[in-house]
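Report on the structure
One-letter residues, chain by chain:
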Amino acid sequence: MVNYKDLGLVNTREMFAKAVDGGYAIPAFNFNNMEQLQAIIKACAETKSPVILQVSSGARKYANQTLLRYMAEGAVEYAKELGWEHPQICLHLDHGDTFELCKSCVDFGFSSVMIDGSSLPYEENIALTKKVVEYAHQFDVTVEAELGVLAGVEDDVVAEESHYTKPEEVIDFATRTGCDSLAISIGTSHGAYKFKPEQCTRDPKTGKLVPPPLAFDVLEEVEKKLPGFPIVLHGSSSVPQEYVDIINTHGGNLPDAVGIPEDQLRKAAKSAVCKINIDSDSRLAFTAAVRKVLAEKPGEFDPRKYCGPARDEMTKLYKHKIIEVLGSDGKAE
Ligand code: G3H
Ligand code: 13P
Ligand code: ZN
């Protein structure tokens, strides 16, 4: 049994309370490799932003769970080395799908876990979430739950359509499960293809897709039912068109990739939404930078020469999200 407090990590309780009060959101960035983690920590140390480092089941399979956990421990020390005196870093399991997986993360030094029972019938979601909460809370590990279904890929779960969270269920769900935060469905979705072209309109000048707005009415209803309760948005990448264009002009093929416009996320961050999940944008930044270097310098074969620029591009992206979208800069001095 490893307790996250011994690793210098924090759970989400205090971060979320401050974010709800302050009208900003905590960035939740997924990581799978060293370059992503370095970029996240550098961006957060330079902006003094609290951060949630997310590990998905896919990341555990790709990078090895032991290595990832030690990397997160190393991240705390790296942050201090960069001059961040009091790093506020949470290590979080993203989309945990079983009690056993959540338990193993709690036992292994994670400070927060998500149990995603959103694809289960309502009562089964409650029973599973409650079981995880009861276990995790013994060790002061916080638990995120999910109600409502996002369209797109959630690890091995693929949902064709989204089902918005029903505001009339949230009080019952939060009370009976004891969860610390709640991910809701208001129209965001995972990946770089969040909307089908037929769901969008087209900007007549650029020909680019303009996605439909998020269901802020559902968010407002949820806020009214659970005042001050931390709400989470998954699938919140914006799919920056400059990265899509670089990828497409350097040998890639991402037709009609579209994300959530940043003004909508800015608005959400000011509300009860206090955790915003971003993974795809970092993948796009990485891929765009790597494709550009390899296309311009076909003789290059030192990974540091293309992973280095990819890391710099991700650092830029994370800082932009923190300062210009979430407003979490300066909140963890
Ligand atoms: O919610 C999905 C996250 O972006 C993680 O994706 O399962 O491919 O690691 P992944
Ligand atoms: P994106 O695919 O929009 O980056 O969403 C990531 C996410 O929700 C991770 O849980
Ligand atoms: Zn997600």
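Please read these numbers as outputs of a predicted model, since none were measured by experiment.

Each value, and the rule that gives it
- Residues numbered from 1 in each chain as written.
- Chains lettered and ligands numbered in written order.
- Predicted model: local features only at pLDDT ≥ 70, side-chain atom pairs only at ≥ 80, totals over all residues.
- Buried ≥ 20, exposed ≤ 12 C-beta atoms within 10 Å, placed from the backbone.
- Helix = DSSP H or I, 4+ residues; strand = E, 2+ residues; numbered from the N terminus.
- Pairing = 2+ DSSP bridges.
- Right-handed = clockwise from strand over helix to strand, strands pointing away.
- Axes fitted to C-alpha atoms, helices over the stretch in contact; angles between N-to-C directions.
- Contact = placed C-beta atoms within 7 Å.

The subject of this paragraph is the pairing of strand S4 (residues 112–115). The alternating pattern of S4 places Ser112 and Met114 on one face and Val113 and Ile115 on the opposite face, and all of these are buried. Two strands pair when backbone bridges link them, and strand S3 (residues 89–96) and S4 are joined in this way by three bridges, in the parallel orientation. Bridge pairing links Gly96 to Ile115 in S4. A crossover connection joins S3 to the parallel S4 through helix H5 (residues 99–107); in handedness this β-α-β unit is right-handed. Relative to strand S5 (residues 142–147), S4 runs parallel, the two being bridged by four bridges. Across the sheet, the residue bridging to Ile115 is Ala145, located in S5. As a crossover connection, the stretch from S4 through helix H6 (residues 122–137) into S5 is right-handed.

This brings us to the sheet that holds strand S11 (residues 231–233). Spatially, the eight strands close up into a barrel ordered S1-S2-S3-S4-S5-S8-S11-S12, and their pairing is parallel. Put simply, the sheet's adjacent strands are angled 25° from each other on average, direction ignored. As defined by bridge partners, S11 adjoins strand S12 (residues 273–278) across three bridges and the pair is classed as parallel. Note on S12: the bridge partner recorded for Leu233 is Ile276. Running over the sheet, H6 touches S4 and S5 and is turned about 165° from S4.

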